[in-house]
Amino acid sequence: MNGIKIKVTIDNVRSIVAKAESFQSDIDLTYNHYIVDCKSFVAVTTMIGNKYCYVSINSNDEKEIERFNKEMEEFKCN
């Protein structure tokens, strides 16, 4: 699975969406076979309670990908 493994909680959902909205590229949040738009608060809240999800950016811009990886680091889980 490509992407960064994160846990979505009631406490961090707003921060995840806000960080995703700061990017021009599409950002997806994936759990099993479900994929939602990470810029949508309502969509991301549907992922609360799952063991973990993967967040990924759809971009070819290396600088944007690097910034994305840094921004999502705080939500990363092992």
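Here is a short report on the structure shown in this document. Not measured: the values here are computed from a predicted model. Here the residue index of a chain counts from 1 through its sequence in written order. It should be noted that, the model being predicted, local features are given only for residues of pLDDT at least 70 and side-chain atom pairs only at 80 or more, the latter also being counted only at that level, while totals for whole chains, interfaces and linings use all residues. Hydrogens and water are ignored here; the side-chain numbers use all heavy atoms of the structure.

**Points about the sheet that holds strand S4 (residues 53-58)**
Reasoning step 1: When DSSP finds two or more bridges between a pair of strands, those strands are recorded as paired. The way it works is that DSSP assigns letters per residue, a run of H or I at least four long becomes a helix, a run of E at least two long becomes a strand, and they are numbered from the N terminus. Strands sit in the order S1-S4-S2-S3 across an open sheet of four strands; the sheet is antiparallel. The open sheet terminates on both sides in strands that have one partner only, identified here as strand S1 (4-6) and strand S3 (34-37). Across this sheet, the average inter-strand angle for adjacent strands is 30°, counted without regard to direction.
Reasoning step 2: Two elements, strand S2 (residues 26-31) and S4, share five bridges in a ladder whose sense is antiparallel. Bridged to Asp 28 within S4 is Ser 56.
Reasoning step 3: Should any heavy atoms of two residues lie within 4.5 Å, those residues are counted as being in contact. Between N-to-C directions, angles span 0 to 180 degrees; the directions come from axes that are lines fitted to C-alpha atoms, helices contributing only their stretch in contact. Contacts between helix H3 (residues 62-72) and the sheet are confined to S1, S2 and S4, with S4 contributing the most and set at about 155° to the helix.

**Some points on the nonpolar core**
Reasoning step 1: Here, nonpolar core refers to any group of buried Ala, Val, Leu, Ile, Met, Phe, Trp, Tyr and Cys residues whose side-chain atoms link them within 4.5 Å. Categorising residues by exposure relies on relative accessible area from a 1.4 Å probe, with only protein chains included: less than 20% of the type maximum marks a residue as buried, more than 50% marks it as exposed, and the intermediate range marks it as partly exposed. Counting 21 residues, the largest nonpolar core has Ile 6, Val 8, Ile 27, Leu 29, Cys 38, Val 55 and Phe 68 as its most contacted members.
Reasoning step 2: Elements with a minimum of two residues in this core: S1, helix H1 (13-21), S2, helix H2 (41-45), S4 and H3.
Reasoning step 3: Ranked by residues supplied to this core, first place goes to H1 with four residues.
Reasoning step 4: Apart from the residues lying within four places of it in its own chain, the contact partners of Ile 6 are Ile 16, Leu 29, Tyr 52, Cys 53, Val 55, Phe 75, Lys 76 and Cys 77.

**A look at the pattern of salt bridges**
Reasoning step 1: Any carboxyl oxygen of Asp or Glu within 4 Å of a side-chain nitrogen of Lys or Arg constitutes a salt bridge here. Considering all chains together, one arrives at three salt bridges under this definition.
Reasoning step 2: Here Lys 70 ties to Glu 66 by a salt bridge, and the two come within 3.5 Å at their closest N and O atoms. On the criterion of helical spacing, the pair formed by Lys 70 and Glu 66 is a turn pair, its members being four residues apart in helix H3.
Reasoning step 3: On the basis of relative accessibility, which here comes to 59%, the residue Lys 70 falls in the exposed class.

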